[in-house]
Amino acid sequence: MIPWALLGRTATPNGEDMALMQRSGEYVILAGGKPLMSSRMHGSEEALADVACRRARAREEPCVLIGGLGMGFTLRATLDVLPRTATVVVAELVAGVVEWNRGPLGALAGHPLDDPRTRVEVGDVADLLRASRGRFDAILLDVDNGPEAFTTSRNTWLYGDAGLAVIRSALAEHGVLAVWSAREHRRFEQRLRYAGFAVDVVRVRARLKRGGPRHVIFVGRL
Ligand SMILES: C[S@@+](CC[C@H](N)C(=O)[O-])C[C@H]1O[C@@H](n2cnc3c(N)ncnc32)[C@H](O)[C@@H]1O
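Not measured: the values here are computed from a predicted model. (Residues numbered from 1 in each chain as written. Predicted model: local features only at pLDDT ≥ 70, side-chain atom pairs only at ≥ 80, totals over all residues. Heavy atoms only, no water.)

### Focus on the site of the ligand
Short version of the rule: Proximity is defined per residue: any heavy atom of the residue falling within 4 Å of a molecule or strand makes that residue near it. In protein, a polar contact means a hydrogen-donor-capable atom and an acceptor-capable atom, both N or O and within 3.5 Å, with residues adjacent in sequence counting only if both atoms are side-chain atoms; elsewhere, any N or O pair within 3.5 Å suffices. Areas reported as accessible are Shrake-Rupley estimates using a 1.4 Å probe. Residue values count occlusion only from the protein chains shown. Only runs of H or I of at least four residues qualify as helices and only runs of E of at least two qualify as strands under DSSP, and these elements are numbered from the N terminus. Residues are grouped as follows: nonpolar covers Ala, Val, Leu, Ile, Met, Phe, Trp, Tyr, Cys and Pro; charged covers Asp, Glu, Lys and Arg; every other residue, Gly included, is treated as polar.
Residues in contact with the ligand amount to 23 residues; listed here are only the nearest, Met71, Thr74, Glu92, Asp142 and Asn155. At 2.7 Å, a backbone N or O of Met71 approaches an oxygen atom of the ligand. In the complex, 99% of the free accessible area of the ligand, which totals 610 Å², lies under the protein chains. Among the elements of the structure, strand 4 (34-38), helix 2 (73-81) and strand 6 (87-92) are those that each provide at least two residues to the shell around the ligand. Taken together, the residues of the shell around the ligand sort by class into twelve nonpolar, seven polar and four charged.

Here is the structure:
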């Protein structure tokens, strides 16, 4: 069996370990030694863009925020559905992840960081949200494996009442929040409703029409 090769090691600002591994053309990012994502199946990360940007794509100059660069699949899919006049801000907590996307991961999603519509902000998406009022037509969050902290314990705040209120105020009129999740989460759905969103739960397969594990996208519309 071909062994995994360690391509890079980095850390979150909190000191949590992250690593990039590769084996036979497949890449995996580990957070705290556990798989955060793999390049093998990324249909649901792309579906996140499609579901979130249905309204934004019709705007003249849409402005969209993506929380979490990962391997760039959601960023690529977002750029593909938006017009040339769009701005796509990507908040990525870990500078090393951005470097991996400028290096070994770049080709996986067709180098989306090179698109002139992309703005990368290295830092916590929570800080960017707190500093933004009515700015984004859509906010796409895929920073953990769902609405529970995984990459860093600080992410817990994002999915609670305080975080959702800040997300809400960072959205423009008729803005849309979409959150990727590996599983159902009834309490998060309820919290979204309590925060004032009209909620849809969209179920997608990791390989879309070709099957794969079932994933969930929580959609909150203003
Ligand atoms: C599951 S991956 C994202 C996958 C991405 N949707 C894709 O298509 O490749 C999660 C990413 O979010 C980043 N991240 C985690 N917490 C964050 C935060 N609070 N702010 C910004 N980025 C964060 C991680 O470093 C990682 O790059």
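### Considering the nonpolar core
Considering soluble globular proteins, one finds that nonpolar side chains tend to be buried as a cluster. Heads up, the condition is: To form a nonpolar core, buried Ala, Val, Leu, Ile, Met, Phe, Trp, Tyr and Cys residues must be joined to one another through side-chain atoms within 4.5 Å. Relative accessibility decides the category of a residue: with a 1.4 Å probe and only protein chains considered, values under 20% of the type maximum give buried, values over 50% give exposed, and everything between is partly exposed. What makes two residues a contact is simply this: any of their non-hydrogen atoms within 4.5 Å.
Judged by nonpolar contacts, the single largest core of 29 residues is most densely connected at Leu65, Val125, Leu129, Ile139, Leu177 and Leu192. With residues near it in sequence (within four places) discarded, Val125 still touches Leu65, Gly67, Ala91, Leu141, Val143 and Leu158.

### Side note on the sheet that holds strand 6
Convention followed: In this scheme, strands are said to pair when DSSP sees at least two bridges between them. Lines are fitted to the C-alpha atoms to define the axes, a helix being fitted only along its stretch in contact, and any angle between axes, read from their N-to-C directions, falls within 0 to 180 degrees.
Judged by pairing direction, the sheet is mixed, and its seven strands sit side by side in the order 7-6-5-8-9-11-10 without closing on themselves. Edge strands, defined here as strands with exactly one partner in the open sheet, are strand 7 (118-122) and strand 10 (198-205). Averaged over all pairs of adjacent strands, the angle between strand axes in this sheet comes to 20°, irrespective of strand direction. Sitting on the sheet, helix 3 (residues 95-102) touches strand 6 and strand 7, and the angle it makes with strand 7 is about 145°. Helix 5 (residues 161-170) contacts strand 8 (136-141) and strand 9 (171-181) of the sheet and is inclined by roughly 135° relative to strand 9.

### What about the packing of helix 1 (residues 43-52) against helix 2?
To be explicit about the condition: Helix crossings are classified by the rotation of the near helix relative to the far one: an anticlockwise turn of less than a right angle makes the crossing left-handed, while a clockwise turn makes it right-handed.
It is at 8 Å that the axes of helix 1 and helix 2 come closest, and there the two elements cross at 35°. In this structure, the crossing between helix 1 and helix 2 has a hand that is right-handed. Only Phe73, Thr74, Ala77, Thr78 and Val81 of helix 2 make contact with helix 1, whose side of the interface consists of Glu45, Glu46, Leu48 and Ala49. Along the lines of polarity and charge, the residues of the contact of helix 1 with helix 2 split into five nonpolar, two polar and two charged.

### A few points about helix 6 (residues 186-194)
Using the following cut-off: Our arc is simply the arc of the directions from the helix axis toward the C-beta atoms.
Phe188, Glu189 and Leu192 are the residues of helix 6 that are buried. Along the axis of helix 6, the buried positions cluster into a sector of 105°, meaning they face one direction only. Turned more than 90 degrees off the buried face of helix 6, the exposed positions are Arg186, Arg187 and Tyr194. Positive phi appears at Gly196, one or two residues downstream of helix 6, with a value of about 100°.

### Concerning unusual backbone geometry
The phi torsion at His111 lies on the positive side, around 50°, for a residue other than glycine. You can see His111 is positioned in the loop between helix 3 and strand 7. Residue classification places His111 among the partly exposed positions, given a relative accessible area of 40%. Unusually for a residue other than glycine, His174 sits at a positive phi of about 60°. Mapped onto the fold, His174 is located in strand 9.

### Structural notes on the packing of aromatic side chains
Under the convention used in this document: Classification of ring pairs uses Phe, Tyr and Trp, with its six-membered ring standing for Trp, and accepts pairs whose centres are within 6.5 Å; under 30 degrees between planes counts as stacked, over 60 as edge-to-face, and the remaining range as tilted. Over a ring means this: the NZ of a Lys or the CZ of an Arg is within 6 Å of the ring centre and within 35 degrees of the ring normal.
Under the counting rule described, the total for this entry stands at two aromatic pairs. Both rings, one in Tyr159 and one in Phe188, keep their centres 6.1 Å apart while their planes meet at 85°; by these two values the pair is edge-to-face. Taken together, the residues span a long stretch of sequence, with Tyr159 in the loop between strand 8 and helix 5 and Phe188 in helix 6 at a distance of 29 residues. With relative accessibility at 4%, the residue Tyr159 sits in the buried group. Overall, Phe188 belongs to the buried group, its relative accessible area being 0%. With centroids separated by 5.4 Å and ring planes inclined at 75°, the aromatic side chains of Phe188 and Phe218 adopt a geometry described as edge-to-face. Placement of the pair is Phe188 in helix 6 and Phe218 in strand 11 (residues 214-221), with a sequence separation of 30 residues. The exposure class assigned to Phe218 is buried, which follows from its relative accessible area of 0%. The residue whose ring lies beneath Arg130 is Trp157, and the NZ or CZ to ring-centre distance is 4.1 Å.

What is shown is where atoms sit, not what they do.
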